[in-house]
Amino acid sequence: MNERLHSVLVQRGVSPELLAEVCEVDAKTVSRWLGGRVPHARHRFRAAQHLRVEESFLWPVAKSRVGQSGVGVGIEFVGTYQNRASVPRDLWLSLLQGAQERIDVLVFSGTFFAQSNPHVAKMLTERAAAGTQVRLCFGDPQGQAVAIRGREEGIGDTLAAKIRASLTYYRPLLPEAGCEVRLHDTTLYNSLFRYDDNLMVNPHVWGQPASANPLFHLKRAEANGWFDNYAHSFDAVWVGARPWNPDQEETATHGQD
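Attention in this report is confined to the structure presented alongside it. Fair warning: this is a prediction, and the values are worked out from it, not measured in the lab.

The rules behind these values
- Residues numbered from 1 in each chain as written.
- Predicted model: local features only at pLDDT ≥ 70, side-chain atom pairs only at ≥ 80, totals over all residues.
- Heavy atoms only, no water.
- Helix = DSSP H or I, 4+ residues; strand = E, 2+ residues; numbered from the N terminus.
- Rg over C-alpha atoms; globule rule 2.2 N^0.38 Å.
- Buried < 20%, exposed > 50% of the residue type's maximum accessible area, 1.4 Å probe, protein only.
- Contact = heavy atoms within 4.5 Å.
- Areas by Shrake-Rupley, 256 points an atom, 1.4 Å probe, with all protein chains shown as cover.
- Lys, Arg positive; Asp, Glu negative; His and termini not counted.
- Charge placed at Lys NZ, Arg CZ, Asp CG, Glu CD.
- Salt bridge = Lys/Arg side-chain N within 4 Å of Asp/Glu carboxyl O.
- Pairing = 2+ DSSP bridges.
- Axes fitted to C-alpha atoms, helices over the stretch in contact; angles between N-to-C directions.
- Phe/Tyr/Trp six-rings, centres within 6.5 Å; stacked < 30°, edge-to-face > 60°.
- Parallel < 35°, antiparallel > 145°, perpendicular 65-115°, else oblique.
- Nonpolar A, V, L, I, M, F, W, Y, C, P; charged D, E, K, R; others polar.
- Core = buried A, V, L, I, M, F, W, Y, C linked by side-chain atoms within 4.5 Å.
- Polar contact = N/O pair within 3.5 Å; in protein donor to acceptor, adjacent residues only side chain to side chain.
- Expected span 1.5 Å × (residues − 1).

Digging into the overall build of the chain
Next, step 1: In terms of regular secondary structure, the chain is built from 13 helices and eight strands.
Next, step 2: Taking 257 residues into account, the globule formula puts the C-alpha radius of gyration at 18 Å, and the chain, at 20 Å, falls close to it.
Next, step 3: Reported as C-alpha extents along the three principal axes, the dimensions of the chain are approximately 70 × 35 × 30 Å.
Next, step 4: Within the chain, the proportion of its 257 residues that are buried is 46%.
Next, step 5: In the chain, once contacts between residues fewer than 6 apart in sequence are set aside, the share between residues at least 24 apart is 71%.
Next, step 6: As displayed, the chain has an accessible area near 13100 Å², and 51% of this comes from carbon and sulfur atoms.
Next, step 7: Each charge sign in the chain was given a centre, from 27 positive and 28 negative side chains, and these centres are 6 Å apart.

Description of the pattern of salt bridges
Next, step 1: Going through the model one piece at a time under the given rule, you end up with eleven salt bridges.
Next, step 2: Here Asp104 and Arg135 are joined by a salt bridge, their closest N and O atoms 3.0 Å apart. With Asp104 in strand β2 (residues 102-106) and Arg135 in strand β3 (residues 133-139), this residue pair connects regions lying 31 residues apart in the sequence.
Next, step 3: Accessibility expressed as a relative area gives 10% for Arg135, which makes it buried.
Next, step 4: Taken together, the shared-partner salt bridges connect Arg102, Asp104, Arg135 and Asp235 into one network.

Quick look at the sheet that holds strand β6 (residues 198-203)
Next, step 1: If you walk across this open sheet you meet the eight strands as β1-β7-β6-β5-β2-β3-β4-β8, and the pairing is mixed. Two strands bound the open sheet, and with one partner strand each, they are β1 (76-81) and β8 (242-243).
Next, step 2: Docked against the sheet, helix α4 (residues 41-51) engages β1, β6 and β7 (215-219), running at close to 85° with respect to β1.

Some words on the packing of aromatic side chains
Next, step 1: Considering all chains together, one arrives at ten aromatic pairs under this definition.
Next, step 2: On the numbers, 6.0 Å between centres and 35° between planes, the contact of Phe113 with Phe193 is tilted. Placement of Phe113 in helix α8 (residues 111-115) and of Phe193 in strand β5 (residues 190-195) is noted, with a sequence separation of 80 residues between them. Each member of the pair Phe113 and Phe193 is classed as buried.
Next, step 3: Judged by centre distance (5.8 Å) and plane angle (15°), the rings of Phe234 and Trp238 are stacked. Taken together, the positions of Phe234 and Trp238, both in helix α12 (residues 226-240) and four residues apart, correspond to about one turn of that helix. Both residues of the pair, Phe234 and Trp238, count as buried.
Next, step 4: Three or more aromatic residues link up through ring pairs in this structure, and these residues are Trp92, Phe112, Phe113 and Phe193.

Here's the deal with the packing of helix α7 (residues 89-98) against helix α9 (residues 120-129)
Next, step 1: Here α7 crosses α9 at 30°, and the two axes come no closer than 9 Å. In terms of their interaxial angle, α7 and α9 are classed as roughly parallel. Residues Leu93, Leu96 and Gln97 of α7 touch α9, and the partners they reach there are Val120, Met123, Leu124 and Arg127.
Next, step 2: In terms of residue class, the contact of α7 with α9 is built from five nonpolar, one polar and one charged.

Structural notes on the nonpolar core
If you look at soluble globular proteins, the nonpolar side chains tend to sit buried side by side.
Next, step 1: Ranked by internal contacts, the top residues of the largest apolar core, which has 54 residues, are Phe113, Leu124, Leu136, Tyr170, Phe193 and Tyr195.
Next, step 2: Here Leu124 is in contact with Leu96, Ile103, Phe113, Val134, Leu136, Tyr170, Leu173 and Cys179, once residues within four sequence places are set aside.

Quick notes on the side chain of Ser191
Next, step 1: For Ser191, the location among the structural elements is in strand β5.
Next, step 2: For Ser191, a relative accessible area of 2% translates into the label buried.
Next, step 3: At a separation of 2.9 Å, a polar atom in the side chain of Ser191 contacts the side chain of His204.
Next, step 4: Residues in contact with Ser191, not counting those within four places in the same chain, are Leu106, Val107, Met200, Val201, Asn202, His204 and Ala210.

Examining α12
Next, step 1: With 15 residues, α12 ought to run about 21 Å at 1.5 Å a step, and its terminal C-alpha atoms sit 22 Å apart, in line with that.
Next, step 2: Listed as buried for α12 are Phe227, Asp228, Ala231, Phe234, Val237 and Trp238.
Next, step 3: In this structure, the buried residues of α12 make contact with β2, β3, β4 (179-184), β5, β6 and β7.

See below:
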């Protein structure tokens, strides 16, 4: 018996049937989990997120089993999605709200990030107040990388306009300690969304908007795996990015007009 899982279900008032629905499995599968079977990685993650507990508390032997089998050493796939638009909104919210140490975002416009959650600035501010480091890195609307990407997608200057519109959501973050917004002028091979040891990687297909491209969810298992490679790429772009100064941006835009 998995006494920990049983106990948490009782404490949270969650029935096995409801957990099965959340994890998109049959109720009999949850019964097997209660009987001691270790779920697939993506099911462990969803269950732990819904029950608001650490995954390692519910299944402390899961990581050691993965290592012994030789499968997934250094990297753990939680799940994959056909496109970014199919990622449940509740998943984005739970990852953001659960972050304790860092939130890193690397995008061009990241329009969906705010439009899918109109309170994102307030939530990021709350995380920062709790000690979470927040780093948001958007494309430079005046840069060459954004201009090239706009031409490739066939939308011209629209991408730069989308970036400027998206940035308006995050202006309240600038005075907050622990929050920083920068602009980069680099080729964006992947959009990255990091929440502590969870990383959403949105690889880009040439000529298509990021929302139409696949996304995979990684959870850090050990050093120097795929997770760390992507995390290091964020740091490299971040170092070369410039701080966002809204007043200067507005002056430059009016000057171009």
